[in-house]
Amino acid sequence: MAEPAIIVHGLKKYFGEVRALDGVDIEVTRGTVFGLLGPNGAGKTTMVRILATLLPPDDGEARVAGYDVVKEAATLRSVIGLTGQYAAVDEHLTGRENLELVGVLNHIGKPESRKRAVELLERFDLIEAADRQAKTYSGGMRRRLDLAASLVANPQVLFLDEPTTGLDPRGRMQLWGIIRELVQEETTLLLTTQYLEEADVLSDRIAVIDGGHVIAEGTPDELKSRVGGEVIEVVVADPSQLEVAVAQLSGLGTGAPHVDEITRRITVPVGEHGGHVLAETVRRLDQAGVEFTDLALRRPTLDDVFMTLTGHAAEEAPANGQAAAARGGRRGRGRA
Amino acid sequence: MSAIDVEAPAPPVVHHGTVANTVSDILAVTKRNLIRYVRVPSLLVFSTIQPVMFVLLFRYVFGNAIRLPFFPYPYVDYLMPGIFIQTVIFGSTQTGVGLAEDLTKGMVDRFRSLPMARSAVLAGRTLSDTVRNAFVVLLMTIVGYLVGFRIHTSIVPAVAGVVLALAFGLAFSWISAWIGLAVRDVESTQAASFVWIFPLVFASTAFVSASSLPGWLQAWAKINPVSVTVDSLRALLEGWPSQAYHLWASIGWVVGILVVFVPLSVNKYRRSV
Ligand SMILES: Nc1ncnc2c1ncn2[C@@H]1O[C@H](COP(=O)(O)OP(=O)(O)OP(=O)(O)O)[C@@H](O)[C@H]1O
Ligand SMILES: [Mg+2]
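Note that this is a predicted model, so its numbers are computed, not measured. Chains are numbered independently. Their residues run from 1 in the order of the written sequence. Naming scheme: in the order in which they are written, chains are lettered from A and ligands are numbered from 1. Restriction of local features to residues with pLDDT of at least 70 applies here, the model being predicted, together with a cutoff of 80 or more for giving and counting side-chain atom pairs; totals for whole chains, interfaces and linings are based on all residues. For side-chain calculations, the full set of non-hydrogen atoms in the structure is used, while hydrogens and water are omitted.

## A look at the overall build of chain A
- Helix numbering and strand numbering both begin at the N terminus, where a helix is a DSSP run of H or I of at least 4 residues and a strand a DSSP run of E of at least 2. Helices and strands together make up the secondary structure of chain A, namely 12 helices and 14 strands.
- The principal-axis extent of the C-alpha atoms belonging to chain A is close to 75 × 45 × 45 Å.
- Within chain A, the fraction of its 336 residues that count as buried is 53%.
- Method for areas: the Shrake-Rupley scheme with a 1.4 Å probe, in which residue coverage is limited to the protein chains shown. Surface exposure of chain A reaches about 14200 Å², of which carbon and sulfur atoms provide 48%. The buried label goes to any residue with under 20% of its type's maximum accessible area, the exposed label to any with over 50%, and the partly exposed label to all in between, with areas taken from a 1.4 Å probe on protein chains only.

Have a look at this one:
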């Protein structure tokens, strides 16, 4: 077996009091997609920045493509590609010039840079806009250009930090398509996301990260089985009846019900006897006079996994007040 | 994972870190920066309009009131070296602004993830601002000629004078680079530059003679890098003042600033995460 493309061992990074990474271990097999899934402030960007040699770790070890991210950073840079959380394209250059610049700075030579630029512009559906300044690009086009830039030098390992944040559903699907293609070319990919569905669709393995810790790791299926079978989902018609409904449903499943007040949705993990519990649910809600607009028995999604593991939904701020407070003080960056 | 399983990684195809690559990296970054000045001409227009206004203001409004008992030529010949130096200093403040912008827009992250020379981002930035300064100095020379400015020496000292002015601008670009990397914000860098530029330019002999300044300012005005450089430029373009002191002092400042601020800025850049 070849050495894993990414080996991370006991990785720590502190920003003052904030433990952005607090002892992380992961391994990513060559040619696979690894999803790093976590809410705001989980430490995803910190992880990517360390692996892409932008940030030195405080403790622990990380090797990418066989190179140590600190001691062999210079060599490592020639075999990795990075697309950061915020599109890093030069607005005043055209799409083509942006890609050619990255090629030249990757030392692949001027002619090869030109050739790669055209290939990538075509592949990313940017050829028509190739000679327009990037400041005229839409958010989705910028994202694609940014992704193309990280591919100019055919990296062995690619890092994508929240590649689809800010894209509309169509843009997201398009990017997913591109990412799937990449993987067929034997690139190792580490991507971060807050979208559970995205990690599910794209990744071979997923690490769920929260507050600087990996709290679960496995294939999407393994993680789903952690929830234990199926989930019942009820959408209550009248918000004032939420409390009554929750009271009726607690104790029914294998875990505590989770309530989302905004969507008036209650989810309950129910294990393997879903059908039976479903009938019981209907009976109890009926008895209590709770009206519902939707009731379903379904396979768990990663949302449910997240709930089970952390006790809070991925979209909610983590209970860890320290991380949340520190986030407020971060220097802001204009989202492209 | 055992050591035996480890396969040697494929050797990278290209050799990075050679001198040729470093030069090519610097030129690529320089070109990228210059393209911006071409695509956003308003940047250049505004940095040119301002010194032109200074020329007109001093030549036609204040000039008559400024007395220069020792200077053998009209005031405009005294004024233009001051304008050149003021122009390159103001131009050099853009170095910090440009770097702060690259930092906040994530371009520096992109560059730092590439196998390019670490020095190329800073060197390319200061170089492109020097090229831009050369262009503006040329423009100001033409404007000066239109309002009566003349060079009273010959071509060799005149060219040396231009080189000195640009070298002075380059040195200040490195100060500005350090400020931009420390402040990391476009507007603050812009504002910060006026704080250190104003006392340098206006408490100097750029527009008036040292003897016309209040006593307590005279001592500073005589050693101020702007003063000694403007006076060197006068010596090289107009043959006045004749002492070599100014030239050595000016070269001393340029070298001194570079020796201090190049390592400081490079260090800041390396650690800008
Ligand atoms: N340069 C920094 N200085 C201080 N604190 C930082 C810095 N960078 C990150 N942090 C803190 O470290 C923690 C992890 O941040 P990180 O950016 O890695 O999270 P993330 O998972 O990428 O979040 P998001 O989904 O919001 O991008 C946060 O609490 C953040 O405030
Ligand atoms: Mg992030």
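## Quick look at the packing of aromatic side chains
Residue and element names in this part refer to chain B.
- Stacked, edge-to-face and tilted labels apply to pairs of Phe, Tyr and Trp rings (six-membered ring for Trp) whose centres lie within 6.5 Å, assigned for plane angles under 30 degrees, over 60, and everything in between, in that order. By the definition in use, this model includes 19 aromatic pairs over all chains.
- Residues Phe84 and Phe149 carry aromatic rings whose centres are separated by 6.0 Å and whose planes lie at 80° to one another, so their mutual orientation is edge-to-face. A residue pair is termed long-range when its members are at least 10 positions apart, and Phe84 in helix H3 (residues 75–104) and Phe149 in the loop between helix H5 (120–146) and helix H6 (155–183) qualify at 65 residues.
- According to the relative accessible area criterion, Phe149 is buried, its value standing at 1%.

## Description of the packing of helix H1 (residues 19–39) of chain B against H5 of chain B
Residue and element names in this part refer to chain B.
- Orientation is described by lines fitted to C-alpha atoms, with helices fitted over the stretch in contact, and by angles between N-to-C directions that extend from 0 to 180 degrees. Between H1 and H5, whose axes approach to 8 Å, the crossing angle comes to 45°. It follows from the interaxial angle that H1 and H5 lie oblique. Crossing angle aside, the handedness with which H1 passes H5 is right-handed. Across the interface between the two elements, Asp25, Ile26, Val29, Thr30, Arg32, Asn33, Leu34 and Tyr37 from H1 touch Ala120, Val121, Ala123, Gly124, Arg125, Leu127, Ser128, Asp129, Val131 and Arg132 from H5.
- Side-chain classes follow a simple rule in which Ala, Val, Leu, Ile, Met, Phe, Trp, Tyr, Cys and Pro form the nonpolar group, Asp, Glu, Lys and Arg form the charged group, and the remainder, Gly included, forms the polar group. Tallied by class, the residues present in the contact of H1 with H5 amount to 9 nonpolar, 4 polar and 5 charged. Throughout, the term roughly parallel applies to angles under 35 degrees, roughly antiparallel to angles over 145, roughly perpendicular to angles from 65 to 115, and oblique to all others. The handedness criterion is simple: a crossing whose near helix is rotated anticlockwise from the far helix by less than a right angle is left-handed, and one whose near helix is rotated clockwise is right-handed. Between two residues, a contact is recorded if the distance between any of their heavy atoms is within 4.5 Å.

## Observations regarding the coordination of the magnesium ion (ligand 2)
All names here are of chain A.
- In this listing, donors mean N, O and S atoms no farther than 2.8 Å from the metal, or 3.2 Å for Na, K and Ca; water is missing from the atoms, so a site can look incomplete. Looking at the magnesium ion (ligand 2), the protein donor atoms are Thr45 (OG1) and Gln85 (OE1), and they sit 1.8 to 2.1 Å from it. You can see Thr45 sitting in helix H1 (residues 44–51) and its partner Gln85 sitting in the loop between strand E6 (80–83) and helix H3 (95–105), a full 40 residues away along the chain.
- Take Gln85: its relative accessible area is 16%, and that puts it in the buried class.

## A short note on the sheet that holds strand E4 (residues 59–64) of chain A
Residues and elements named next belong to chain A.
- What the 4 strands build is an open sheet, ordered E2-E1-E4-E5; its pairing is antiparallel. Looking at strand neighbours, the two that pair on one side only are strand E2 (18–28) and strand E5 (67–68), the edges of this open sheet.
- Any two strands with at least two DSSP bridges between them are considered paired. Bridge count between strand E1 (residues 6–15) and E2: 8 bridges; the pairing is antiparallel. Note on E2: the bridge partner recorded for Tyr14 is Arg19.

## Comments concerning the domain arrangement of chain A
- In this entry, domain limits derive from an automatic or database-based domain assignment. Per the domain assignment, the segments making up chain A are domain 1 (6–223) and domain 2 (228–299).
- Inter-centroid distance (C-alpha atoms) of domain 1 of chain A to domain 2 of chain A is 39 Å.

## As for the pattern of salt bridges
- We count a salt bridge whenever a side-chain nitrogen from Lys or Arg sits within 4 Å of a carboxyl oxygen from Asp or Glu. Summed over all chains, the structure comprises 26 salt bridges over all chains.
- Here Lys115 of chain A ties to Glu112 of chain A by a salt bridge, and the two come within 3.5 Å at their closest N and O atoms. Placement of both Lys115 of chain A and Glu112 of chain A in helix H4 (residues 110–123) is noted, with a separation of 3 residues, approximately one turn of the helix.
- On the basis of relative accessible area, Glu112 of chain A is assigned to the partly exposed category, the value being 31%.
- The partner of Glu233 of chain A in a salt bridge is Arg298 of chain A, and the shortest N-O contact between them spans 2.5 Å. Of this pair, Glu233 of chain A sits in strand E11 (residues 230–236) while Arg298 of chain A is found in strand E14 (residues 292–298), placing the two residues 65 residues apart along the sequence. For the pair Glu233 of chain A and Arg298 of chain A, a shared accessibility class is recorded, and that class is buried.
- One connected set of salt bridges, linked through shared partners, spans Glu91 and Arg142 of chain A together with Arg36, Glu101 and Lys105 of chain B.

## What to know about the side chain of Asn33 of chain B
- Within the secondary structure layout, Asn33 of chain B lies in helix H1.
- Sequence-distant contacts of Asn33 of chain B, that is, excluding residues within four places in its chain, are made with Gly124, Arg125 and Ser128 of chain B.

## Let's talk about the layout of surface pockets
Residues and elements named next belong to chain B.
- Each pocket or cavity is described by its volume, and for the second largest pocket that value is around 460 Å³.
- As defined here, a cavity is a set of points on a 1 Å grid over the protein atoms alone where a 1.4 Å probe fits but cannot get out. A pocket is an open set with protein on both sides within 12 Å along at least five of seven lines, and residues line them when an atom is within 4 Å of a point. Taken together, 23 residues form the lining of the second largest pocket, with Leu43, Ser47, Phe90, Gln94 and Gln190 sitting closest to its centre.
- Elements with a contribution of two residues or more to the lining of the second largest pocket: H1, helix H2 (41–62), H3, H5 and helix H7 (186–202).
- Among the elements that line the lining of the second largest pocket, the one with the most residues is H3, at 8 residues. Grid points are joined across faces, edges and corners, and a volume is the space filled by probe spheres set on the points.

## Quick word on the nonpolar core
- Take the buried residues of types Ala, Val, Leu, Ile, Met, Phe, Trp, Tyr and Cys, join any two whose side-chain atoms come within 4.5 Å, and each joined set is a nonpolar core. Counting 100 residues, the largest nonpolar core has Leu99 of chain A together with Ile85, Ile89, Phe111 and Phe207 of chain B as the members making the most contacts within it.
- A total of 13 residues in this core trace back to one element, the largest contributor, which is H3 of chain B.
- In contact with Ile89 of chain B, other than residues within four places in its own chain, are Phe168, Phe172, Ile197, Val201 and Val226 of chain B.
- Counting 32 residues, the second-largest nonpolar core is a separate cluster that includes Ile6, Ala42, Ile50 and Ile80 of chain A.

## Things to note about the interface of chain B and chain A
- Facing 36 residues of chain B, the contacting portion of chain A comprises 41 residues.
- Computed with a 1.4 Å rolling probe, the buried area is the accessible surface lost when two parts are put together, summed over both parts. Buried area between chain B and chain A, both sides added, is near 3500 Å², and the carbon and sulfur share of it is 55%.
- Where chain B touches chain A, the interface holds 5 salt bridges.
- Measuring nitrogen to oxygen at the nearest pair gives 2.5 Å for the salt bridge that ties Asp109 of chain B to Arg49 of chain A.
- Under the rule applied, a polar contact is a pair of N or O atoms within 3.5 Å (in protein, one hydrogen donor and one hydrogen acceptor; residues adjacent in sequence only if both atoms are side-chain atoms). The tally of links between chain B and chain A comes to 10 residue pairs in polar contact (both at pLDDT 80 or more).
- Put simply, the parts of the chain that give the side of chain B that touches chain A at least two residues each are H1, H3 and helix H4 (107–112) of chain B.
- Here the side of chain B that touches chain A gets 10 residues from one element, more than from any other, and that element is H1 of chain B.
- Among the residues forming the side of chain B that touches chain A, the class breakdown is 17 nonpolar, 6 polar and 13 charged.

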